[in-house]
Amino acid sequence: MNDEIKSMLKDAGIIVAITLIAGLVLGGVYQLTKEPIEEQKRIKKANACKEVYAEAASFTEMADFDTEAAASVLAAEYPSQDIDEVMEAVDGSGNTIGYVLTVTTHEGYGGDIQFTMGVTDEGMLNGISILSISETAGLGMRAEEVLKPQFAGKSAEKYEYTKTGAVSEGQIDAISGATITTNAVVNGVNAGLYYFQNTLGGGAE
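Scope of this entry: the structure provided in the associated data block.

Reading the values: the criteria
- Within any chain, residue numbers begin from 1 and follow the written order of that chain's sequence.
- Local features in a predicted model are, by the rule used here, given only for residues with pLDDT of at least 70; side-chain atom pairs are given and counted only at 80 or more, and totals for whole chains, interfaces and linings are based on all residues.
- To get the side-chain values, take all heavy atoms of the structure and skip hydrogens and water.
- Only DSSP runs of H or I reaching four residues or more are called helices, and only runs of E reaching two or more are called strands; each is numbered from the N terminus.
- Every radius of gyration here is taken over C-alpha atoms, with the globule rule written as 2.2 Å times N^0.38, N being the number of residues.
- All accessible areas in this document rest on Shrake-Rupley with a 1.4 Å probe, and a residue is counted as covered only by the protein chains that are shown.
- A positive count includes Lys and Arg, and a negative count includes Asp and Glu. His and the chain ends are not counted in either.
- Just so you know, the charge point we use is NZ for Lys, CZ for Arg, CG for Asp and CD for Glu.
- Any two rings among Phe, Tyr and Trp, with Trp reduced to its six-membered ring, count as a pair given centres within 6.5 Å; such a pair is stacked if its planes are under 30 degrees apart, edge-to-face if over 60, and tilted if neither.
- Think of it in three bands: with a 1.4 Å probe and only protein chains considered, a residue is buried below 20% of the maximum accessible area for its type, exposed above 50%, and partly exposed in between.
- Each reported salt bridge corresponds to a side-chain nitrogen of Lys or Arg within 4 Å of a carboxyl oxygen of Asp or Glu.
- Given the number of residues in a helix, its expected span is that number minus one, multiplied by 1.5 Å.
- Two strands form a pair only when DSSP identifies at least two bridges running between them.
- Note on geometry: axes are C-alpha line fits, over the in-contact stretch for helices, and angles between N-to-C directions span 0 to 180 degrees.
- Distance and chemistry together define a polar contact, namely a pair of N or O atoms within 3.5 Å, with one atom able to donate a hydrogen and the other to accept it when in protein, and with adjacent residues in sequence counting only for side-chain atoms on both sides.
- Here, two residues are considered to be in contact whenever any of their heavy atoms come within 4.5 Å of each other.
- Comment on the angle field: the value is read as roughly parallel under 35 degrees, roughly antiparallel over 145, roughly perpendicular from 65 to 115, and oblique elsewhere.
- For this classification, Asp, Glu, Lys and Arg are treated as charged, while Ala, Val, Leu, Ile, Met, Phe, Trp, Tyr, Cys and Pro are nonpolar and the rest, including Gly, are polar.

### Details of the overall build of the protein chain
No. 1: A tally of regular secondary structure across the protein chain gives 4 helices and 7 strands.
No. 2: Along its sequence from the N terminus, the protein chain presents helices and strands in the succession α-β-α-β-β-β-β-α-β-β-α.
No. 3: The globule rule puts the C-alpha radius of gyration for 205 residues at 17 Å, and the 23 Å found for the protein chain is more than 25% above it.
No. 4: Projected onto its principal axes, the C-alpha positions of the protein chain cover 85 × 45 × 30 Å.
No. 5: By element, 55% of the accessible surface of the protein chain is carried by carbon and sulfur atoms, the whole surface being about 11300 Å².
No. 6: Looking at charge distribution, the protein chain has the averaged site of its 13 positive side-chain charges lying 9 Å from that of its 30 negative ones.

Put into structure tokens, the structure is as follows:
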């Protein structure tokens, strides 16, 4: 075996060793950070649920909820929206008093927007809590300050946005210069209400 081949084998061995070590280090880091990351997700979810349903004593995952079945319900009216999760809002006596839905709308200007929304058994919208959003700074990113407050304590079967000032319960003032973001959030809320009305057994008259 000549020196060139020996050198190549040595270099290959070094590369393999480095790759193995790097893999072990990354695996160790993942194991160390996995649980804290999951815990932060649980805390964020719990806070979002409490924000949109303050009256509830606790929240329980709906056991028979299925994302594919939810997509089928929305397919005809809201094909660009997903229901990711449904939590039952429970009072101190263990009675279900409403629901918290996690919704993802794929119509955002900068990508998906995900939020939770609280709905009472009577169809009252308690409000929304934005979990993730990547819209334009100063425009769509103002959804938290402009859109979120407008959905609190509302009762309508469906919402629409307006650029001229809301004059009814079912109207939402659009974010100036960000109608795409506004439309995405409004459609996401409407999708959640549509799912509630057609699957969870209730709604505003």
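### A word on the packing of aromatic side chains
No. 1: One pass over the full model with this rule turns up 4 aromatic pairs.
No. 2: Ring geometry for Phe151 versus Tyr159: centroids 5.7 Å apart, planes at 80°, classification edge-to-face.
No. 3: The exposure class of Tyr159 is buried, given its relative accessible area of 4%.

### Topic: the pattern of salt bridges
No. 1: Inspection of the entire model under this criterion finds 4 salt bridges.
No. 2: A salt bridge links Arg142 to Glu145, with the nearest nitrogen and oxygen atoms 3.4 Å apart.
No. 3: The exposure class of Glu145 is exposed, given its relative accessible area of 52%.
No. 4: Members of the salt-bridge network, linked through shared partners, are Glu51, Glu144 and Lys148.

### A word on helix α4 (residues 179–200)
No. 1: Over its 22 residues, α4 runs 30 Å from end to end, which matches the ideal 32 Å to within 8%, given 1.5 Å per residue.
No. 2: Gly201 sits one or two residues past α4 and shows a positive phi near 85°.

### As for the sheet that holds strand β1 (residues 58–61)
Two pairing modes exist for strands in a sheet, parallel and antiparallel, and in both the strands are linked by backbone hydrogen bonds.
No. 1: Pairing in this open sheet of 5 strands is antiparallel, and the strands run β1-β2-β3-β4-β5 from one edge to the other. Only two strands of the sheet have a single neighbouring strand rather than two, namely β1 and β5 (125–132). Taking each pair of neighbouring strands and ignoring which way they run, the sheet shows an average axis angle of 25°.
No. 2: Bridge analysis of strand β3 (residues 96–105) against strand β4 (residues 113–120) gives 8 bridges, and the strand direction is antiparallel. Paired with Val103 across the bridge in β4 is Phe115.

### Some words on the pairing of β5
No. 1: Counted residue by residue, β5 has 7 buried out of 8 residues, so it is predominantly covered.
No. 2: The pairing of β4 with β5 spans 6 bridges and is classified as antiparallel. The partner of Gln114 across the bridge, within β5, is Ser132.

### Concerning the side chain of Thr162
No. 1: Examined against the element boundaries, Thr162 turns out to sit in strand β6 (residues 160–162).
No. 2: Taking the relative accessible area as the measure of exposure, Thr162 reaches 10% and is therefore buried.
No. 3: Reaching out from Thr162, the side chain makes a polar contact with the side chain of Thr164 at a distance of 3.0 Å.
No. 4: Each residue touching Thr162, except ones within four places of it in the same chain, is listed here: Gln171, Ile172, Asp173 and Ala174.

### Description of the packing of helix α2 (residues 67–74) against α4
No. 1: Contact geometry for α2 and α4: axes closest at 10 Å, N-to-C directions at 100°. In terms of orientation, α2 lies roughly perpendicular with respect to α4. Residues Ala70, Val73 and Leu74 of α2 lie in contact with α4, whose contacting residues are Ala191, Tyr194, Tyr195, Asn198 and Thr199.
No. 2: Of the residues contributing to the contact of α2 with α4, the split by class is 6 nonpolar, 2 polar and no charged.

As far as function goes, none of this settles anything; it's purely spatial.
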